[in-house]
Structure formats: C-alpha cells, structure tokens
Amino acid sequence: GIQVEQSPPDLILQEGANSTLRCNFSDSVNNLQWFHQNPWGQLINLFYIPSGTKQNGRLSATTVATERYSLLYISSSQTTDSGVYFCAVKYGGADGLTFGKGTHLIIQP
Amino acid sequence: DVKVTQSSRYLVKRTGEKVFLECVQDMDHENMFWYRQDPGLGLRLIYFSYDVKMKEKGDIPEGYSVSREKKERFSLILESASTNQTSMYLCTSGRGFSYEQYFGPGTRLTVT
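Conventions used here
Residues numbered from 1 in each chain as written. Chains lettered and ligands numbered in written order. Predicted model: local features only at pLDDT ≥ 70, side-chain atom pairs only at ≥ 80, totals over all residues. Heavy atoms only, no water. Helix = DSSP H or I, 4+ residues; strand = E, 2+ residues; numbered from the N terminus. Rg over C-alpha atoms; globule rule 2.2 N^0.38 Å. Buried < 20%, exposed > 50% of the residue type's maximum accessible area, 1.4 Å probe, protein only. Areas by Shrake-Rupley, 256 points an atom, 1.4 Å probe, with all protein chains shown as cover. Lys, Arg positive; Asp, Glu negative; His and termini not counted. Charge placed at Lys NZ, Arg CZ, Asp CG, Glu CD. Pairing = 2+ DSSP bridges. Axes fitted to C-alpha atoms, helices over the stretch in contact; angles between N-to-C directions. Contact = heavy atoms within 4.5 Å. Buried area = accessible area lost by both parts, 1.4 Å probe. Salt bridge = Lys/Arg side-chain N within 4 Å of Asp/Glu carboxyl O. Polar contact = N/O pair within 3.5 Å; in protein donor to acceptor, adjacent residues only side chain to side chain. Nonpolar A, V, L, I, M, F, W, Y, C, P; charged D, E, K, R; others polar.

The subject of this paragraph is the overall build of chain B. Check the secondary structure of chain B and you find 0 helices and 11 strands. Taken from N to C terminus, the helices and strands of chain B fall in the order β-β-β-β-β-β-β-β-β-β-β. Taken over C-alpha atoms, the radius of gyration comes to 13 Å for chain B, in line with the 13 Å a tight globule of 112 residues would show. By its C-alpha atoms, chain B is 35 × 25 × 25 Å across when sized along the principal axes. Burial analysis of chain B (112 residues in total) assigns 48% to the buried set. Element-wise, carbon and sulfur atoms account for 49% of the exposed surface of chain B, whose accessible area totals about 5,500 Å². Charged side chains of chain B number 16 positive and 15 negative; the gap between the two group centres comes to 5 Å.

What follows is the structure, encoded as structure tokens:
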C-alpha cells in the first residue's frame, strides 16, 4: 500500500511564529486532504488539495503531485492552532483515506 | 456547510453488550465510512458504504458489522463488545471516493 510520511512529528513554537508541515507520499494520489484534530478529537477539514495551492486566512497549502509531497503553512500562529495535523490521501488501490501519523503542534503563549 | 453528526460523544459499555454507533450526514453523500483511531496505530478503516444497503469491509472489519438502510444514516454495530474495541470511532461522508471527506465529531467508546 501507499506510504504517507509527515514531518516533523512534533513542533513547539511561540505564538506569532510561522511553521511548515510536510507530507510525503509514495504513490500517485487522486485525493489529498489536510485535517486539524482538535483537543476533543474532532478532525476539522483544512484543505482538499490533490494538486496546486490554496489559501484560507493564515493557512495555506501546496501539493506538488508530480513530486509526491504536500506542504501546510501556518503563519502568525495562535494558541488555538495547537493540536495534531494529519495529511490523508486516497490512491487508486484503496477504498478509504490513508493517514500519516500526524504532526503534533504546540503553540505556547 | 456539510454536517456529519454522531449519536454520542462518549459511551461506556460492558463486555458482551451489543453496541450501536450512529452517523448521520445532511449532504446527500453517497459514500460513508467508519474509522477507529488508536494511539500508535493511527486511523484505520473498519467498513464503508457507497450506496444504500451496500457495505464493504475495510482493513479491520472483525468484530463489527454495519447497516445502511437510508442514504443519510450509517450505523456501526459491535455485536459483542470487547475491551480491545475501546477506541475513538470516527465517521466520514463524501460525494465519491476521490472527493473531499468530512468527519463527524467522533465517539469515544470505553468497554469495561
């Protein structure tokens, strides 16, 4: 099956800092999503981005499908950005999404 | 806005009980999925459905069954709950397999 690797696994930043989270995948995909899991466990959709670049407020994402990676940028971090960020992909041979192990982000005040 | 709801946020059941977890979506999505999330193991697909009355096994279907009698509702059934089914259960829906999927809030199930 496909491998999805996220880096870094853990990240601690001060409020106001910028960060870049990376997702590498080992095969062609036809769906890629970024999620934020909040402290209550809910997975919140951030981006649906199988290719290209999108922006939503302080967050943006870029997927370079030909090179099999995606980046999530968080600018001017706030404490509410804390949580686990997951990258998930759908590839041809699978039924559901395949998730990376996540990046655990802590934003300190 | 897409809304996916799950019947309970927290649930405590005893070993051997039959447990029903319900998921409802309001966007007329064809596809619905059940995952469980465990520390160190990540999210794993249990069952999915791509139409009413249709169901397919995911990666870890053992000990579970599902029901989809209406398009908007997808139920996960633990026939005889066991302690190793203590987990966070997450439901998703989407218009198709390659389209964006939306998660419900999750159900934290504890089996004692």
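Okay, back to it.
Take the sheet that holds strand 3 (residues 19-25) of chain A next. All names here are of chain A. Strand order across the open sheet formed by 5 strands is 1-3-8-7-6, with antiparallel pairing between neighbours. The sheet terminates laterally at strand 1 (4-7) and strand 6 (52-56), the two strands that pair on one side only. Neighbour to neighbour, the strand axes of the sheet diverge by 15 degrees on average, direction disregarded. The pairing of strand 6 with strand 7 (residues 59-64) spans 5 bridges and is classified as antiparallel. Looking at strand 7, one finds that N56 is bridged to L59.

Residues and elements named next belong to chain B. Of all 8 residues in strand 5 (residues 42-49), 6 are buried; the element is thus mostly enclosed. Bridge analysis of strand 4 (residues 31-38) against strand 5 gives 7 bridges, and the strand direction is antiparallel. Opposite Y35, over in strand 5, you have L45 as the bridge partner. Of the strand pairs in this sheet, strand 5 and strand 6 (residues 56-57) are connected by 2 bridges, and their pairing is antiparallel. Pairing of F48 across the sheet is with E56, part of strand 6.

Residues and elements named next belong to chain A. Looking at the element boundaries, L11 is found in strand 2 (residues 10-14). As a C-alpha pair, L11 and S82 span 71 residues in sequence and 9.7 Å in three-dimensional space. Those residues within four positions of L11 in sequence are excluded, and the remaining contacts are S19, L21, H104, L105 and I106.

Our next topic: the side chain of K90 of chain A. Looking at the secondary structure, you find K90 of chain A in strand 9 (residues 83-90). Non-local contacts of K90 of chain A, meaning those with residues more than four positions away in its chain, are made with V29, N30, N31, D95, G96 and L97 of chain A together with F97 and S98 of chain B.

Put simply, an interface is often sized by how much accessible area is lost when its parts join up. Contacts between the two partners involve 20 residues from chain B and, on the opposite side, 17 residues from chain A. Here chain B packs against chain A, burying approximately 1,600 Å² in sum over the two surfaces, 51% of which is carbon and sulfur. Sorting the residues of chain B by area buried against chain A places S98, E100 and F103 of chain B first, and these three jointly supply 31% of that buried surface. Here chain B and chain A share 0 salt bridges between them. Inspection of the chain B/chain A interface yields 7 residue pairs in polar contact (both at pLDDT 80 or more). Where the side of chain B that touches chain A is concerned, the elements lending two or more residues are strand 4, strand 5, strand 9 (87-94) and strand 10 (101-103) of chain B. Grouping the amino acids of the side of chain B that touches chain A by side-chain chemistry returns 12 nonpolar, 4 polar and 4 charged.

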